[in-house]
Amino acid sequence: MRTKNELIELTITGMTAEGNGVGRYEGEAVFVPDTAVGDEIICKIVKPLKRYAFGIIDTLKTPSPDRIKPDCSVAKPCGGCLFRHLQYDAELKIKETIVRDAFTRLGGLSPDFLPILGCTDTDGYRNKAQYPIALQDGKAVCGFYARRSHRLIPYTDCNLQPPVFSEILIAALERINASNLPPYDETSHKGLLRHIYLRRGAHSGEIMLCFVMRKNSPLLRTIAEEMMRLFPDIKSVCVNLNPDKTNVILGKETLCICGSETITDIMCGNRISLSPASFYQVNTLQAERLYQIAAEFAQLTGQETLLDLYCGAGTIGLSMAKRVKRLVGVEIIPQAVENAKQNAAANGIENAEFYCGDAGTIAEQLVEKGEAPDVIVVDPPRKGCDQATIAAVVKMSPRRVVMISCNPATAARDCALFDQLGYHTETVRAVDLFPRTGHTECIVKLTRAGLSQ
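None of the values given here were measured: they were computed from a predicted structure.

Participant: Explain unusual backbone geometry residue by residue, including any values.
Facilitator: At asparagine 5, a position not held by glycine, the phi torsion is positive, near 75°. By the secondary structure assignment, asparagine 5 is in the segment before β1 (7–11). A residue is classified by how much of its surface remains accessible, and asparagine 5, at 47% relative accessible area, is partly exposed.

Participant: How would you explain the packing of aromatic side chains if you had to name every residue and give the values?
Facilitator: Overall, the coordinates contain 5 aromatic pairs when judged by the stated rule. For the pair phenylalanine 418 and tyrosine 423, a centre-to-centre distance of 6.2 Å together with 70° between the ring planes defines the contact as edge-to-face. One exposure class covers both phenylalanine 418 and tyrosine 423, and it is buried. Taken together, the ring pairs in this structure connect Phe31, Tyr52 and Phe54 into an aromatic cluster. When the ring centre of tyrosine 184 is taken as reference, the NZ or CZ atom of arginine 194 above it lies at 4.2 Å.

Participant: Let's hear about the side chain of asparagine 240: which residues, and what values?
Facilitator: Here asparagine 240 lies in strand β13 (residues 234–241). Since its relative accessible area comes to 1%, asparagine 240 is described here as buried. Side-chain polar atoms of asparagine 240 contact the backbone oxygen of glutamate 253, separated by 3.4 Å. For asparagine 240, the side chain forms a polar contact with the side chain of threonine 254, separated by 2.9 Å. When sequence neighbours within four positions are dropped, the list of residues in contact with asparagine 240 reads Cys210, Phe211, Val212, Met213, Ile249, Leu250, Gly251, Glu253 and Thr254.

Participant: Residues and numbers for the pattern of salt bridges, please.
Facilitator: Counted under the stated rule, the structure contains 20 salt bridges. Among the ionic pairs, glutamate 9 bridges to lysine 61, the shortest N-O distance being 3.5 Å. Of this pair, glutamate 9 sits in strand β1 while lysine 61 is found in strand β6 (residues 52–62), placing the two residues 52 residues apart along the sequence. You can call lysine 61 partly exposed: its relative accessible area is 42%. Salt-bridge contacts for glutamate 226 lead to arginine 175; the nearest nitrogen and oxygen are separated by 2.9 Å. Of this pair, glutamate 226 sits in helix α4 (residues 219–230) while arginine 175 is found in helix α3 (residues 163–178), placing the two residues 51 residues apart along the sequence. What emerges from the salt-bridge pattern is a single network uniting Glu91, Lys95, Asp432 and Arg436.

Participant: How would you sum up the environment of aspartate 379? Please name residues and give values.
Facilitator: Here aspartate 379 shows up in the loop between β20 (375–378) and α9 (387–396). When the C-alpha positions of aspartate 379 and cysteine 268 are compared, they lie 17 Å apart, and in sequence the two are 111 residues distant.

Participant: Go over the sheet that holds strand β2 (residues 14–15), please, and point to the residues and values.
Facilitator: Spatial ordering of the open sheet is given by β1-β5-β6-β4-β3-β2, a layout of 6 strands whose pairing is mixed. Each of the sheet's edge strands pairs with one partner strand only, and the pair in question is β1 and β2. For strand β4 (residues 28–32) and β6, the ladder comprises 3 bridges, and the chain directions are parallel. Bridge pairing in β6 links valine 30 to alanine 53.

Participant: For the sheet that holds strand β11 (residues 193–200), give the residues involved together with the corresponding values.
Facilitator: Strand order across the open sheet formed by 7 strands is β10-β9-β8-β11-β12-β13-β14, with mixed pairing between neighbours. Of all strands in the sheet, those bounded by a partner on one side alone are β10 (152–154) and β14 (253–259). The average undirected angle you get between the axes of adjacent strands in this sheet is 35°. Relative to β14, β13 is paired through 6 bridges, and the arrangement is antiparallel. Bridge pairing in β14 links valine 237 to cysteine 258. Set on the sheet, α3 makes contact with β8 (128–136), β9 (139–145), β11, β12 (207–213) and β13; between it and β11 the angle comes to about 150°.

The rules we used
- Residues numbered from 1 in each chain as written.
- Predicted model: local features only at pLDDT ≥ 70, side-chain atom pairs only at ≥ 80, totals over all residues.
- Heavy atoms only, no water.
- Helix = DSSP H or I, 4+ residues; strand = E, 2+ residues; numbered from the N terminus.
- Buried < 20%, exposed > 50% of the residue type's maximum accessible area, 1.4 Å probe, protein only.
- Phe/Tyr/Trp six-rings, centres within 6.5 Å; stacked < 30°, edge-to-face > 60°.
- Lys NZ or Arg CZ within 6 Å of the ring centre and 35° of its normal.
- Polar contact = N/O pair within 3.5 Å; in protein donor to acceptor, adjacent residues only side chain to side chain.
- Contact = heavy atoms within 4.5 Å.
- Salt bridge = Lys/Arg side-chain N within 4 Å of Asp/Glu carboxyl O.
- Pairing = 2+ DSSP bridges.
- Axes fitted to C-alpha atoms, helices over the stretch in contact; angles between N-to-C directions.

Set out below in structure tokens:
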């Protein structure tokens, strides 16, 4: 067992899903952030445990050839871009290994692994950002929380966001400070403005500006009107009300104070309407490539009934609607279901229907009705599918299940359960929707046992 503040020589030989480098010293694993495979370092132990330890770089003796200089002044304290100090090819190898290890080691599965699909644009790709607000030196500032904390690092020029987001933030903060609109304080539960939330259509260019407030303020109307004059692409200014003592960003009620209640974008050729609460992949261009793979995995002929669970604003199912006989979507957020219905109508899609409710509950109701979808697409949250949903899916006995997941570990767990219930995990592909960050998407094709491939 190591001791705190001990200095050891360490070679980094691997990376974890959390972005820590891993080296071994006298048979014990040592985890070190901000490292790269091949780094030779003097490591300072900061947290010794019985079977492993955590350390930091004391001296970088020999840098890995994968290392590059981060092009962001707050990359280290922010911690959002875990891999900004690496060549992008090295990042892709790490993410591909994370997905492969999840399915083979955690899931005990042996699917065919296709090569990871990298992203063409590694900067400026996000269509959504949520910036916490705080009071510092008597002024409202926004930025990002430091890793594993709620300590705000003021910053408006994140490389992952489109440049216009920075321009909007600076202009909004000037007006917020001029109007003395008080930022929210988590400790005292006083103040009003909690977050500034921005969405932008990657194809349309339309922007939504949303102020997340503890309670509404008449000051916002003037600010909203000025922002829409300054930035003609802002088509919607909303106020989301979140009065609770919580880390959850959005509250349950949203009011439109200027412009439209929604913005629009184009996804896979469909016009999509988006509200603040709608789930929409944050990397539009890469998501379109992801959905193309999903359609390939679904092997649609035009005669199928397709069930889209956790459908959000309907983007996945609607991207395949013209290739199926019937589309059924299920989503728990009422606003998103309304968006899905509007999106189907706006694109002249008449073979789609959408239900609001818990995925497992609605799936069980469909079983009771005798529904028998040929293909089911599931795109669950990070926690994965619950057992009730998986059981209901299996009862419907589709030929194929296509799973899209932002968490390879829960995807592997769920696929292992599907495997026990008669669905073979046939093909897995990692897709990088979140370059420079520690997040990895994957897509899986599961086939009912006994079917010819």
